[in-house]
Amino acid sequence: MNYWNETPLFRFLLLFIAGILLAVYNPCFSFQSALMTFIILTAGFFIQYFLRRKIARYRGRWFQGIWSYICVFFMGYLMTMLATEKSYPAHFRNFRNTSGFIGYLTEPPKEKTNSYKTIVEILFVLEGTEWKRASGNCLTYMSIDASSSNLRYGDLIVSEVNPVEVLPPSNPSQFDYKRWLGFHGIYDQVFLSSGKWKLLERHFGNPIYEFSFGLRKHLLDVFETNHITGQDHAVISALILGYEDEIDQDVISAYAAAGAMHILSVSGLHVGIIYVAINFFLGFLNRNRKTRLFKSLLIILFLWFYALLTGLSPSVLRSATMFSFIIIGQMTGHHTNLYNTLSASAFFLLALNPFLLFQVGFQLSYMAVLGIIFLQPAIQAWFDPDVFILRQIWSLTSVSIAAQLATFPLGLFYFHQFPVYFLFSNLIVIPVSTVIIYGGILLLAVSSWHWAASVIGFLLGYVVHFMNAVVSFTEHLPYSLINEISISTFETWILYFSIITMSSFFFIKEHRYLLWSVASVVVLMSGQITEQWQLNNQKKLIVYSMKGKSFVNIIDGKKNIVLADSSTTGNKSLLMFNVCNYWWDCGLGVNDILHAGDSSRILNGSYYKNFFQYGNRRIAIVRDSTMIAGSSGPVDVDFLILSTNSRLDLKNLMNRFRFRNLIVDSSVNAGRETKIIKEAKQLDIEVYSVRKKGAFVFDLSSE
C-alpha cells in the first residue's frame with residue numbers, strides 16, 4: 001500500500017502545519033503581503049485548473065499539485081496571523097494610558113495557595129475618562145476573600161488595575177510560561193487585591209458554557225453526596241468529568257510514574273470508551289442505510305453531550321471532533337482512509353485555532369491515534385491466542401505498545417521521563433477505568449434514585465480506591481521510572497524517524513528502511529557521544545533567580561556544587577520549577593547536589609566562610625557585616641555576590657574587595673537593590689541584577 005499517494009489530506013496538512021510554524025517562529029511576510037500572495041496564487045490555481053481541463057486533461061498535473069501545496073502553505077501562515085490577537089488594534093495592550101478595564105470570567109476561578117486564578121476576557125478599557133471597546137484575554141489572580149469566593153463563569157467585573165506583560169523565564173532552560181500562555185492567546189496578567197475590583201453583572205458569558213459549567217458542578221456534588229470523597233473523589237472527577245483541580249501532586253506523580261497519566265485527563269481514550277458503549281447499545285439500528293445514518297447522528301450527539309458534561313474542555317472538544325470526523329467518514333458508506341479522516345479533523349481544528357499545534361495534549365492525542373492506526377494491527381498479528389481472555393489481554397497490550405511507541409519521544413522531550421511498567425499498569429488501569437466511566441455515568445443517570453445511587457457510589461468508591469492502589473503499587477516497584485532525561489528537538493525528530501523506518505522495515509520488509517533506521521541511530525548516538533564529552537568538560541557559575549532566595553551553583557563536569565541554605569536545596573518543587581530542567585540539560589540530577597562545605601568531594605575547589613576558590617577563580621558571597629570585619633586590606637575576587645539584605649554600602653565593600661563582577665542576587669529586596677544600583681552608578685560600577693536580568697550564567701572554562 002502506498003500510504004503517501006492514498007493520503008492527500010495528510011500531505012496538505014503537512015503544508016498547512018509548515019505555514020503555521022513559519023508564522024510563529026519566523027514571520028517573514030506581513031499579513032497584507034501574505035494575503036495578497038494567497039489571493040493571487042488561489043486565483044491563478046483556479047484559472048490554470050479550468051484551462052488545463054479544456055486544453056490538456058492530464059498534462060501538467062504535477063505543476064497543479066505543487067501550486068495547491070503553496071496555496072495551503074500560505075493559508076496556514078494567514079490563519080496563524082489572524083489568530084494572533086495581540087496584533088489586533090483593538091487588543092487592550094495596544095491602548096496607552098489606561099486606568100482600568102471591564103471584562104468577564106471565561107472559566108470558573110480555581111483556588112490556589114494564596115489566590116484565585118481565572119481568565120478574564122477584557123471588553124472595555126478606561127482611557128482617560130472614556131471607556132473604549134477592547135478585546136483580549138488576561139490571566140487574572142484575585143485575593144481570597146468573601147467576594148472572590150462567590151465568583152463564577154460569566155461574571156462581569158470592573159477593575160482599576162492595569163494588566164502587565166507576563167515575564168519570560170528568568171533561569172536557563174526554565175519552563176517558558178510566557179510562551180505557553182501566548183499559544184493560548186494570553187500575553188498579560190493582573191493581580192486584583194480586595195477592593196480593587198467590583199462585580200457588575202452575572203450571567204454575561206456564553207449560555208452554553210454557563211450551562212456546561214453549572215451541570216458539571218452539580219455532577220461533582222453527586223459523587224461527593226454518594227460516599228466518594230478525598231482523592232478518590234478527585235480522581236473520579238478528573239476521569240469522568242475532566243475536573244482536575246482537586247488532585248494532589250503526589251497522586252499526579254504516581255500516575256505519571258505508572259504510565260497511566262492519560263487516565264486523569266479526559267481525552268481520546270475516554271471519548272473512545274463512550275463511543276464503544278453507545279455504538280453497542282445502538283447496534284439494533286444497523287438494519288439498513290437510513291437507520292445506520294440515524295445511529296451515526298445519535299452517536300455524534302451523545303459524544304458532544306458528553307463534552308458538555310465535562311465543561312467543554314479543549315481536550316474533550318478535540319477528541320469529540322476527531323471521533324465526529326471518523327463517524328462522518330463511516331456514514332458516507334464509501335471506503336474511507338483513516339489517515340485522511342484523521343488529517344481532516346486535525347486540519348479543521350488547526351484552521352479554527354492554529355496554536356493548538358503547540359499544545360502537548362494535541363500532539364500526544366494525534367500521535368497516539370496515528371500509532372494505533374499504523375502499528376497496532378501489525379503488532380497484534382504477532383500473536384493470536386485461542387483463549388478469549390488471552391486474546392483480549394493481547395489486544396489491549398498491542399494498543400498500549402503502539403500508543404507508547406508513538407508518544408514516548410514526546411514524553412521524553414516534554415516530561416523528561418519514561419514509565420517502565422506502563423504495560424503492567426495499563427493492563428489493569430484501562431479496564432478498571434472503563435468500569436469507572438460506565439459506573440460513574442450510571443451513577444449520574446440514577447442520582448435522583450437515592451438508594452440505588454448510594455449503592456453504586458459505595459461500590460464505585462471501592463473500584464476507584466483499588467485503581468489508585470494499583471497505581472501506587474506500580475510507582476513503588478523497583479526502577480519504575482526512568483527520569484531526569486533531557487533530549488533536544490532535533491533528537492526528538494531523529495527518534496521519530498528511527499521508529500517510523502524501523503516499523504516500516506518490520507511491516508514492509510524492505511531493507512532500505514532498515515538502513516535508514518540504523519543511520520538515524522548512528523546519528524543519534526554520535527550526537528550523544530559529542531554531548532557527553534561537552535558535559536564532562538563543562539565549567540559554569542550560575543546565580544539563579546528565585547524570589548527571596550540566594551542560590552549559587554557551580555557545575556564542574558558532572559559535579560553539581562550548590563551554595564544555598566538547606567531549606568532551599570530541600571524544596572524539591574522550588575528546584576523543579578527553577579533549576580531542574582537546566583540540570584538535566586547539563587547531565588545532572590536533583591540527587592547529585594554537593595554542598596560547598598564538603599570540600600573534599602569538590603574537584604578543583606575549596607570553600608570557607610562564604611569564599612569559594614575554583615581553580616584560579618575566586619567567588620565571595622556577602623550576606624552581612626561579618627564578611628568585612630577585621631579586614632586589613634582589599635581581597636581580589638572575580639565575582640562578588642551581594643545576598644540577603646545586609647546594610648553594607650559599596651564604599652565599604654570596595655575597601656574589603658577588589659572585584660571584576662558585581663552581582664545582586666534575588667534574595668535582596670527591591671528597595672535595597674535600587675539603592676545599590678544607584679550607588680554603583682555614582683561610582684561608575686557595573687551591576688548585574690538577577691531580579692531584573694534573570695540568572696547570571698558564566699562559563700568558567702573561558703579565560
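Everything in this summary refers to the structure shown in the same document. (Residues numbered from 1 in each chain as written. Predicted model: local features only at pLDDT ≥ 70, side-chain atom pairs only at ≥ 80, totals over all residues. Heavy atoms only, no water.)

Further remarks concern the packing of aromatic side chains. A full pass over the atoms with the stated rule returns 34 aromatic pairs. Here F280 and F281 contribute two aromatic rings whose centre-to-centre distance is 5.5 Å and whose plane-to-plane angle is 70 degrees, an arrangement assigned as edge-to-face. A relative accessible area of 64% means that F280 is categorised as exposed. Look at F325 and F348: their rings are 5.5 Å apart centre to centre, the planes differ by 50 degrees, and that puts the pair in the tilted class. Of this pair, F325 sits in helix α10 (residues 314-331) while F348 sits in helix α11 (residues 338-352), placing them 23 residues apart in sequence. In this structure F348 comes out as partly exposed when scored by relative accessible area, which is 39%. Members of the aromatic cluster, joined through ring pairs, are Y25, F183, F355 and F358. The ring of F124 carries the charged tip of R133 above its face, separated from the ring centre by 5.0 Å. (Phe/Tyr/Trp six-rings, centres within 6.5 Å; stacked < 30°, edge-to-face > 60°. Buried < 20%, exposed > 50% of the residue type's maximum accessible area, 1.4 Å probe, protein only. Helix = DSSP H or I, 4+ residues; strand = E, 2+ residues; numbered from the N terminus. Lys NZ or Arg CZ within 6 Å of the ring centre and 35° of its normal.)

Unlike most non-glycine residues, S173 shows phi in positive territory, near 65 degrees. With respect to the helices and strands, the residue S173 is situated in the loop between β7 (164-165) and α4 (177-182). Residue class for S173 comes out partly exposed when judged on its relative accessible area of 33%. Phi is positive for H203, close to 60 degrees, though the residue is something other than glycine.

Looking at chain direction, strand β3 (residues 115-127) and strand β4 (residues 130-133) are connected through four bridges and run antiparallel. Bridging from a neighbouring strand, F124 pairs with R133 of β4. Where β3 hands over to β4, the hairpin turn is made up of two residues, of which G128 adopts a positive phi near 70 degrees. (Pairing = 2+ DSSP bridges.)

Right, let's talk about a negative patch on the surface for a bit. Residues E224, E244, D245 and E246 make up a contiguous surface patch of negative charge. Position of E246 among the secondary structure elements: in the loop between α6 (230-241) and α7 (249-257). (Patch = residues over 30% accessible without salt bridge, like charges linked within 9 Å, V, L, I, M, F, W, Y side chains within 5 Å. Areas by Shrake-Rupley, 256 points an atom, 1.4 Å probe, with all protein chains shown as cover. Salt bridge = Lys/Arg side-chain N within 4 Å of Asp/Glu carboxyl O. Lys, Arg positive; Asp, Glu negative; His and termini not counted. Charge placed at Lys NZ, Arg CZ, Asp CG, Glu CD.)

What follows deals with the environment of S170. Counting through the fold element by element, S170 comes out in the loop between β7 and α4. Take S170: its relative accessible area is 25%, and that puts it in the partly exposed class. Sequence separation between S170 and N97 is 73 residues; the distance between their C-alpha atoms is 28 Å. Filtering out sequence-adjacent residues up to four positions away, S170 remains in contact with S545, G694 and A695. (Contact = heavy atoms within 4.5 Å.)

A few words now on a nonpolar patch on the surface. Taken together, V387, F388, I389, L390, I393 and L427 make up a surface patch of nonpolar side chains, about 530 Å² in accessible area. Owing to a relative accessible area of 45%, V387 belongs among the partly exposed residues under this scheme.

Our next topic: α11. The end-to-end C-alpha distance of α11, which contains 15 residues, comes to 21 Å, matching closely the 21 Å that a straight helix rising 1.5 Å per residue would cover. Counting buried positions over the 15 residues of α11 gives 11, a clear majority of the element. Those residues of α11 not exposed but buried are Y339, N340, T341, L342, S343, A344, S345, A346, F347, L349 and L350. (Expected span 1.5 Å × (residues − 1).)

Bringing the environment of S400 into the picture now. By secondary structure assignment, the location of S400 is in helix α13 (residues 388-415). On the accessibility criterion, S400 (7% relative accessible area) is buried. In this structure the C-alpha to C-alpha distance between S400 and I372, which are 28 residues apart in sequence, comes to 8.4 Å. Leave out the neighbours within four places in its chain, and S400 touches F422, L423, N426 and I430.

A word on the pattern of salt bridges. Enumeration according to the criterion identifies 11 salt bridges in this entry. For the salt bridge of D155 with R202, the shortest nitrogen-to-oxygen distance reads 2.6 Å. Of this pair, D155 sits in the loop between β5 (137-143) and β6 (156-159) while R202 sits in the loop between β9 (197-201) and α5 (207-225), and the two are 47 residues apart along the sequence. Between D636 and R658 there is a salt bridge whose closest N-O contact spans 2.7 Å.

Take it as geometry only, folks, not as evidence of what the structure does.
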